[in-house]
Each structure stands twice: as C-alpha cells, then as structure tokens.
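Each chain, letter by letter, is given below.
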Amino acid sequence: MDGVFMKKMISFLLFSILFVSIFYVFSCYQDKVQLRREVIRLHVVANSDTEADQAQKLRVRDAVNAYLMDLLENANSADDARKVISSHLTELEATAKDVLKAEGSDFAVHATLTEETFDVREYDTFTLPSGVYSSLRIELGAAEGRNWWCVVFPALCLPAAGENIQDVTTAAGFSEGLSGGITGKYQFRFFVLDLLGQAEKFFFNQ
C-alpha cells in the first residue's frame, strides 16, 4: 500500500514539475514574441573598419537618433513607429548624408526597415537576447565595417531611459517578467529567452 502511494506521489510530483516547466517556457515564449513585435532596433553599418569610417558611423548614429527622437515622439506602439519610420526613410537617408557631406564624404547611404537576426547584446542598463527583431538598418558606403545597434522603440537607448528603464519598459507594455529578464532581475528567464531567440534565428535563416 505504501509503495503504491509513493509511486503515485512521485508520478504526481513529476507531472507537476513538467506542467510548471511547460507553463514557464510558454510564458517566456510569449515574452519573446512580444520582443519581436514591440522592439525596433537601429542598426548602423560603417563603410569600413578604418578609424575615420568608424567615427563617421557614430556621428551618423547621433544625428539619426536625434531625428528619430522627434519623429517618434507621438508613436504609441511599435506599429505606429514602423509606419512613421517607413514613411521617412528618405529623410533618414538625407540626415545621414548631411553628416557625411559636412565631412567631405560622398558615401552612398541606404536606409531600410526590415527584420534581422541579432546575437545577444549587452547595454549599460539592459540586455537583449538573441533573436529576430525589426530593424532600421542604415548602410554607409560599402557597409563592410563594424556596426552599431541599439533600440529606437521603445526608446531604451536615450540617456534618460538609463535612469528609468523600468518605467520605459512598462510604458511599452512589457510584462514584469520580460522587464526583469532584460534588466537582469530574472537571470534564468533571460537564459530561456536567449535559447528561444537562438532557435528563432535558426529557423529564420533556413
């Protein structure tokens, strides 16, 4: 009798652990879907790895970020932001060209709103897991140099966001678990998010 009871208890515990694990992974999957849907990254690719081209890349980044800050001021969702960015790609290219022209450079500039795969990336106040993200990609010249990327929606890379990262992510509709995952509060959750992101990258590239 005791042996039968113990077997039932062990079976119940194993089933409970499995159920909780499946629920947890599904919750993380929902967060990963939200990251792909609600985050728009800025990806600036330098002409080359020379010191001058890399410095130009950063100046273009600053000019584009400043332009986007005003442009997206009234965007209340990632969909709003995508529509605004898509309708201002020419102006974004012109913003980057103005920076290059001021320095005597005639590199071509190509701006697109697309989806790209990204590896895990650490910033000062948050970390984004691997995965597929919407991306405003700006290519300078031959676009063969090291790149720079951050997040333009929600505005996680602005100086003010570093002091109020929780407020920014909450305003963007991130769950507590997702906010805690990317800010380091829930490290295991981030680990699962990154695993899901790596799987997402694999299937995206097939």
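Check the entry above for the structure.
The structure displayed is predicted, hence computed values, not measured ones.

> Got a sec to walk through the overall build of the protein? Specific residues and values, please.
Regarding its fold elements, the protein presents eight helices and six strands. For the protein, the succession of helices and strands along the chain, N to C, is α-β-α-α-α-β-β-β-β-β-α-α-α-α. A compact globule built from 206 residues should have a C-alpha radius of gyration of about 17 Å, whereas the protein, at 21 Å, is more than 25% larger. Seen through its principal axes, the protein has C-alpha atoms that stretch 90 × 35 × 30 Å. Of the contacts made within the protein by residues no fewer than 6 positions apart, 72% connect residues no fewer than 24 positions apart. Counting every atom, the protein has about 11,600 Å² of accessible surface; 58% of that belongs to carbon and sulfur. With 19 positive and 28 negative side-chain charges, the protein shows a separation of 7 Å between the mean positions of the two kinds.

> Account for the environment of Asn-47, naming residues and giving values.
As for its placement among the helices and strands, Asn-47 is situated in the loop between strand 1 (40-45) and helix 2 (51-71). You can call Asn-47 buried: its relative accessible area is 14%. In sequence terms Asn-47 and Arg-137 are 90 residues apart; their C-alpha atoms lie 13 Å from each other. Among residues more than four places away in sequence, those in contact with Asn-47 are Asp-53, Phe-107, Leu-140, Gly-141, Ala-142, Ala-143, Glu-144 and Gly-145.

> Please provide a residue-by-residue account of the packing of aromatic side chains, values included.
The geometry of two aromatic rings is summed up by the distance between their centres and the angle between their planes. Scanning the model with the defined rule gives six aromatic pairs in all. Aromatic side chains Tyr-123 and Phe-126 sit 4.7 Å apart centroid to centroid with 25 degrees between the ring planes, which places their arrangement in the stacked category. Accessibility expressed as a relative area gives 17% for Tyr-123, which makes it buried. Between the aromatic rings of Phe-202 and Phe-203, the centroid separation amounts to 5.3 Å while the plane-to-plane angle is 80 degrees, which identifies the pairing as edge-to-face. Judged by relative accessible area, which is 49%, Phe-202 ranks as partly exposed. On the basis of relative accessibility, which here comes to 61%, the residue Phe-203 falls in the exposed class. Members of the aromatic cluster, joined through ring pairs, are Tyr-24, Phe-188 and Phe-191. Directly above the aromatic system of Tyr-133 lies the positively charged group of Arg-41, at a separation of 4.7 Å from the ring centroid.

> Run through the pattern of salt bridges, naming residues and quoting values.
Considering all chains together, one arrives at 13 salt bridges under this definition. Here Arg-146 ties to Asp-49 by a salt bridge, and the two come within 3.6 Å at their closest N and O atoms. Note that Arg-146 is positioned in the loop between strand 5 (131-140) and strand 6 (147-153) and Asp-49 in the loop between strand 1 and helix 2, a separation of 97 residues in sequence. Lys-201 is the partner of Asp-119 in a salt bridge, and the nearest nitrogen-oxygen pair spans 2.3 Å. In this pair, Asp-119 sits in the loop between strand 2 (109-118) and strand 3 (121-122) while Lys-201 sits in helix 8 (residues 187-204), placing the two residues 82 residues apart along the sequence. By relative accessible area, which is 16% here, Lys-201 ends up buried. Through salt bridges with shared partners, a single network forms among Lys-32, Arg-36, Glu-115 and Glu-200.

> Run through the side chain of Ser-130, naming residues and quoting values.
On the secondary structure map, Ser-130 appears in the loop between strand 4 (127-128) and strand 5. Within polar-contact distance, the side chain of Ser-130 engages the backbone nitrogen of Val-120 at 3.2 Å. Setting aside its immediate chain neighbours within four residues, Ser-130 contacts Lys-32, Phe-118, Asp-119, Val-120, Leu-193, Asp-194, Gly-197, Gln-198 and Lys-201.

What counts and what doesn't
Residues numbered from 1 in each chain as written. Predicted model: local features only at pLDDT ≥ 70, side-chain atom pairs only at ≥ 80, totals over all residues. Heavy atoms only, no water. Helix = DSSP H or I, 4+ residues; strand = E, 2+ residues; numbered from the N terminus. Rg over C-alpha atoms; globule rule 2.2 N^0.38 Å. Contact = heavy atoms within 4.5 Å. Areas by Shrake-Rupley, 256 points an atom, 1.4 Å probe, with all protein chains shown as cover. Lys, Arg positive; Asp, Glu negative; His and termini not counted. Charge placed at Lys NZ, Arg CZ, Asp CG, Glu CD. Buried < 20%, exposed > 50% of the residue type's maximum accessible area, 1.4 Å probe, protein only. Phe/Tyr/Trp six-rings, centres within 6.5 Å; stacked < 30°, edge-to-face > 60°. Lys NZ or Arg CZ within 6 Å of the ring centre and 35° of its normal. Salt bridge = Lys/Arg side-chain N within 4 Å of Asp/Glu carboxyl O. Polar contact = N/O pair within 3.5 Å; in protein donor to acceptor, adjacent residues only side chain to side chain.

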